[in-house]
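# Structure at a glance
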Amino acid sequence: MAKTKEISIGDMGARASAYQDELQGEDMALNVGPSHPTTHGVLRLLMELDGDLITKCEPVIGYLHRGDEKIAENMTYNQFVPYTDRLDYIAPLANNVTYAMAVEKLAGLEVPPRCAAIRLLVTELARISSHLLGVGVYGMDAGAWTPFMYTFTEREKLYTLFEELTGARFTTSYTRIGGVARDIPEGWLKRVSDFCDQHLPILEETTNLLTRNRIFMDRTEGVGVISQEDALAYGITGPNLRATGVDLDLRKDRPYLGYDQYEFDVPVGTTGDCYDRYLIRAEEIRQSIRIIRQVIKSFPDGAWYAEDAKKIYKPPKGKVLTSMEELIQNFMIVTEGPRMPEGEVYFEAENPKGILGFFVVSKGGGVPYRLKIRSPSFCNLSILPKICPGLYLTDITVVLGSLDFVMGDCDR
Amino acid sequence: MNALIESLQPRFEGLEPRKSSDHPAVQCPADLILPLIECLRDEFEYNLLSDVTAIDWSEEESPRFSVVYHLYSVKEARYIRVVTNCVDDENPSVASIVALFPGANWHERETFDMFGIRFEGHPDLRRILMWDEYPYYPLRKEFPLAGIETELPDSEIGEETKAKVLPAPMMGGPFVSKSGAPMSKAEPRAKDQSWTEWQKKTSLEDGGEDK
C-alpha cells in the first residue's frame, strides 16, 4: 500500500487560498436549463457565478413560443378558446373565462347570473388547482416531498370534477363567447361542496408540513426579496405582488363576475420574500373555498348563456333544418364566425398566476385584427435579473419555485 | 375621465382623445411619449405598467405601426391607454420608456422582436422570443401564418444535418376565411396554404413527377 503523505491543516488552508487566488477575478458562466426539473418548463438561466454567489442572471425565454397571437389573428373568436387552454396550462378554466369576458366586453354582451356564477365557480376551482401545484412543487423544490404527494392527490380530485363538467381533465375549453359550453351536470354542486369539506383538513395537514418546517423556513425566509417599488415597476402581479404588501387584487378593485357579492379577504404579505409568497398562496386556497361555498349557497337559476347572443350562437338544429333565415345565419356563423363591432378593448382578470389581460382590436367581422395577450408569468419572470445577483446558486431553485410561473404562459 | 385628458391637453401639444370601447385612451405624438408617461406616472399615479404592444395597420396604411401602452393606477383602480404612431413606416422607432418603468424592458424587446419597431434608448434591445439571427418579424401582417422557410440558428449544424426550419403544414388546419371577402372567397378552407403544399399542387397541375 502506498504511503500517504500527511498534510497538516495549515497546508490545506494555504493550498485552498492559493487555488482561490488563481481563480480570483474569474467568473464562471453556468447554464441552468433549458430543461431542468426546477425551471418548470423550458427556461434557460444564463448565470455568472463567483464561487457559489450569483453575480449576473440572464433569463432566456422563447423555447416554447408558438405564436398564439398570430394564430388568434387568423381565426374566429370562438375558435381561439382551445388555444387559451394552452397558455397557463395549470389553470385553463381561468384563461377560458378571461378570454371570453374580453371578447364579450368588445361585443357588449352581458351574461346572465347563472353563467357568471358558473364561471366564477370554475375560476376559483382553477385557482385552487393552480395554487395546489404551486405550493406542492415549491415544497419539492425546497426538498420536501410529502406536500407534493398530498397536493397532487387533491388536484386529481379537482380534475375529476372538471372532467364531469367540461368533458376534459386538462384542456377544458369550457367557455364560449356569451356563455359556457354546457350547463353544470346534476349533483355537481354537491360534489364540489363535498370536495371543499374534505379538502380543508388535508390542506391544513399539508401546509403544517411546510409553514413551521425549519428547513423550509431557513431556505425561504429573507431569500429573493422583492421590494414594493420594484414589484410595481416591473409589473409583477398576483400572489408575488401581494407578498410585497401591495393590496392589488382585481377581484376586489375592479369586481367582475359578481365578485363584489361575496365575502373574502385578500391576503397581503409584509416582506416580499419567498416565504411570504408561499403563505399567500396557501391562504388564497382557503379564501377560494370560502368563495365557492358562498356561490353554491346562492346558486342562481336561469339561462347559462346570454339571450342576446343570437348573432354569436348557432341557431338550434331543428330551426336550421326548417327555417331559411336560421339556415343562412348558421352558415354565416360557421364560415365567417360571429360578427363583432369595431373597437379596441383591454380586459384584465385576476388569474392564479397574476393578472392576465387580453387587448383586442377589431375592425369588424369575425376575426380579431390584433389580439395581444398580457401574460402574468412573462412580467413576473422579468424581475429575475434584478433579484438574483447576490443570491447563492442553491437559492435559485427556491426563487423559481416561489415565483410560480408557467412557461407556456410566458412564451405564448 | 375626459377631465384627465382635458387637463393634459394644454401641457402636451397634439394630444388627442382616442376612440376606445372601454378605458380612456389618448393619442400621443411620438416625440411626447416619454414626458407624457412620466407625467401620468408621477402626477396621476398610474404606477403599474401593465402592457406594451403594437398594432400593424398593414403595409398600405401610413402611419403603419401604433405602439400601445396600458397603465394601471393601483390606488384609483383604473386604466389608461396611451397610443402613439411610429413616424417612419420603413424603419419604425419610438422612444424607450425603460428609464421610467424597468418592466418595459421585456415588453419592448418583445415588440421589437415581433414587429421590428426600434425603441430608442433601450439598454439591451435584442430579440426575446425568436432566436437572435431570425430574419423576419412574425407579427407583421404580411408574414404568413404558416411561417417561412429559414436556416437553422446555427448555420454549421444546418450544413451538417441538412436541416431547415420549414413552414407548418396548413392543410386541414383552422378553417378560416377573411372577413368581408366575397362569398366565393369565404368558403371554409385553410387560410394560407404553406409554400410546400402550394409547390406540390402546382407541380401536379403541370403534370409533374409528384404523384
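Keep in mind that what you see is a predicted model, and the values were worked out from it rather than measured.

Thresholds, definitions, all that
- Residues numbered from 1 in each chain as written.
- Chains lettered and ligands numbered in written order.
- Predicted model: local features only at pLDDT ≥ 70, side-chain atom pairs only at ≥ 80, totals over all residues.
- Heavy atoms only, no water.
- Phe/Tyr/Trp six-rings, centres within 6.5 Å; stacked < 30°, edge-to-face > 60°.
- Helix = DSSP H or I, 4+ residues; strand = E, 2+ residues; numbered from the N terminus.
- Buried < 20%, exposed > 50% of the residue type's maximum accessible area, 1.4 Å probe, protein only.
- Lys NZ or Arg CZ within 6 Å of the ring centre and 35° of its normal.
- Contact = heavy atoms within 4.5 Å.
- Salt bridge = Lys/Arg side-chain N within 4 Å of Asp/Glu carboxyl O.
- Polar contact = N/O pair within 3.5 Å; in protein donor to acceptor, adjacent residues only side chain to side chain.
- Nonpolar A, V, L, I, M, F, W, Y, C, P; charged D, E, K, R; others polar.
- Pairing = 2+ DSSP bridges.
- Axes fitted to C-alpha atoms, helices over the stretch in contact; angles between N-to-C directions.
- UniProt positions renumbered as here; feature names shortened; annotations may be inferred.
- Parallel < 35°, antiparallel > 145°, perpendicular 65-115°, else oblique.
- Left-handed = near helix turned anticlockwise from the far one by under 90°.

Looking now at the packing of aromatic side chains. Residues and elements named next belong to chain A. One pass over the structure, following the stated rule, counts 24 aromatic pairs over all chains. Taking 5.9 Å as the distance between ring centres and 85 degrees as the angle between the ring planes, the aromatic pair formed by Tyr 256 and Phe 347 counts as edge-to-face. On the criterion of sequence distance, the pair formed by Tyr 256 in the loop between α11 (250-253) and α12 (274-297) and Phe 347 in strand β6 (residues 340-351) is long-range, its members being 91 residues apart. Take Tyr 256: its relative accessible area is 9%, and that puts it in the buried class. One cation-aromatic arrangement involves Arg 251 over Tyr 259; the distance from NZ or CZ to the ring centre is 5.8 Å. Sitting above the plane of the Tyr 369 ring, Lys 363 keeps its charged end 4.4 Å from the centroid.

This part covers the interface of chain B and chain A. Each partner contributes to the interface: chain B provides 56 residues, whereas chain A provides 51 residues. The tally of links between chain B and chain A comes to 9 salt bridges. Across the chain B-chain A interface, the total number found is 24 residue pairs in polar contact (both at pLDDT 80 or more). Elements with a minimum of two residues in the side of chain B that touches chain A: β3 (48-56), β4 (65-73), β5 (78-85) and α3 (104-115) of chain B. Per-element tally for the side of chain B that touches chain A: the top contributor is β3(B), with 9 residues. Within the side of chain B that touches chain A, the residues separate by chemical class into 30 nonpolar, 12 polar and 14 charged.

A separate point is the sheet that holds strand β3 (residues 53-60) of chain A. All names here are of chain A. One open sheet accounts for 3 strands, arranged β1-β2-β3; its pairing is antiparallel. The open sheet terminates on both sides in strands that have one partner only, identified here as β1 (28-32) and β3. For this sheet, the mean inter-axis angle between neighbouring strands, taken without regard to orientation, is 25 degrees. Strand direction decides the pairing type here: strand β2 (residues 44-50) and β3, joined by 7 bridges, are antiparallel.

According to the stated counting rule, one finds 48 salt bridges over all chains in the structure shown. A cluster of three or more residues bridged by salt bridges with shared partners is formed by Glu69(A), Glu73(A), Arg370(A), Lys372(A), Arg412(A), Asp51(B), Glu110(B) and Lys141(B).

With that settled, consider the UniProt feature "domain: NADH:ubiquinone oxidoreductase 30kDa subunit" (unreviewed entry) in chain B. Feature annotation in UniProt places "domain: NADH:ubiquinone oxidoreductase 30kDa subunit" (unreviewed entry) on residues 27-147 of chain B, given in this structure's numbering. For the annotated span residues 27-147 of chain B, helix accounts for 19% and strand for 28% of the residues, and the straight-line distance between the end C-alpha atoms is 33 Å.

So, about the packing of helix α5 (residues 113-141) of chain A against helix α6 (residues 146-166) of chain A. In a packed pair of helices, the relevant descriptors are the angle between the two axes and the axis-to-axis distance. All names here are of chain A. Orientation of α5 relative to α6, taken along the N-to-C sense of each, is 155 degrees, at an axis distance of 9 Å. With respect to their mutual orientation, α5 and α6 come out roughly antiparallel. Relative to α6, α5 is oriented so that their crossing is left-handed. Side by side, α5 and α6 meet where Val 122, Leu 125, Ala 126, Ile 128, Ser 129, Leu 132, Leu 133, Gly 136, Val 137 and Met 140 of the first sit next to Pro 147, Phe 148, Thr 151, Phe 152, Glu 154, Arg 155, Leu 158, Tyr 159, Phe 162 and Leu 165 of the second. Across the contact of α5 with α6, the residue classes tally to 15 nonpolar, 3 polar and 2 charged.

A separate point is the environment of Gly139(A). Residue and element names in this part refer to chain A. Tracing the backbone through its elements, the reader meets Gly 139 in helix α5. When its relative accessible area of 0% is taken as the criterion, Gly 139 is described as buried. Remark: the alpha-carbon pair of Gly 139 and Phe 216, spanning 77 residues in sequence, is separated by 7.7 Å. In contact with Gly 139, other than residues within four places in its own chain, are Ala 144, Leu 210 and Phe 216.

With that settled, consider the sheet that holds strand β2 (residues 25-28) of chain B. All names here are of chain B. Across the sheet, which stays open at both edges, the 5 strands sit in the order β1-β2-β5-β4-β3 with mixed pairing between neighbours. Of all strands in the sheet, those with a lone pairing partner are β1 (16-17) and β3, marking the two edges. Looking at chain direction, β4 and β5 are connected through 8 bridges and run antiparallel. Directly across from Ser 66, in β5, lies its bridge partner Asn 85. Helix-sheet contacts for α3 involve β3 and β4, and the interaxial angle to β3 is about 10 degrees.

Residues and elements named next belong to chain A. Tracing the backbone shows Asp 404 in the loop between α17 (393-403) and α18 (407-411). Of the polar contacts made by the side chain of Asp 404, one reaches the side chain of Arg 281; its length is 3.4 Å. The residues contacting Asp 404, other than those within four sequence positions of it, are Ser 130, Gly 134, Arg 281 and Lys 353.

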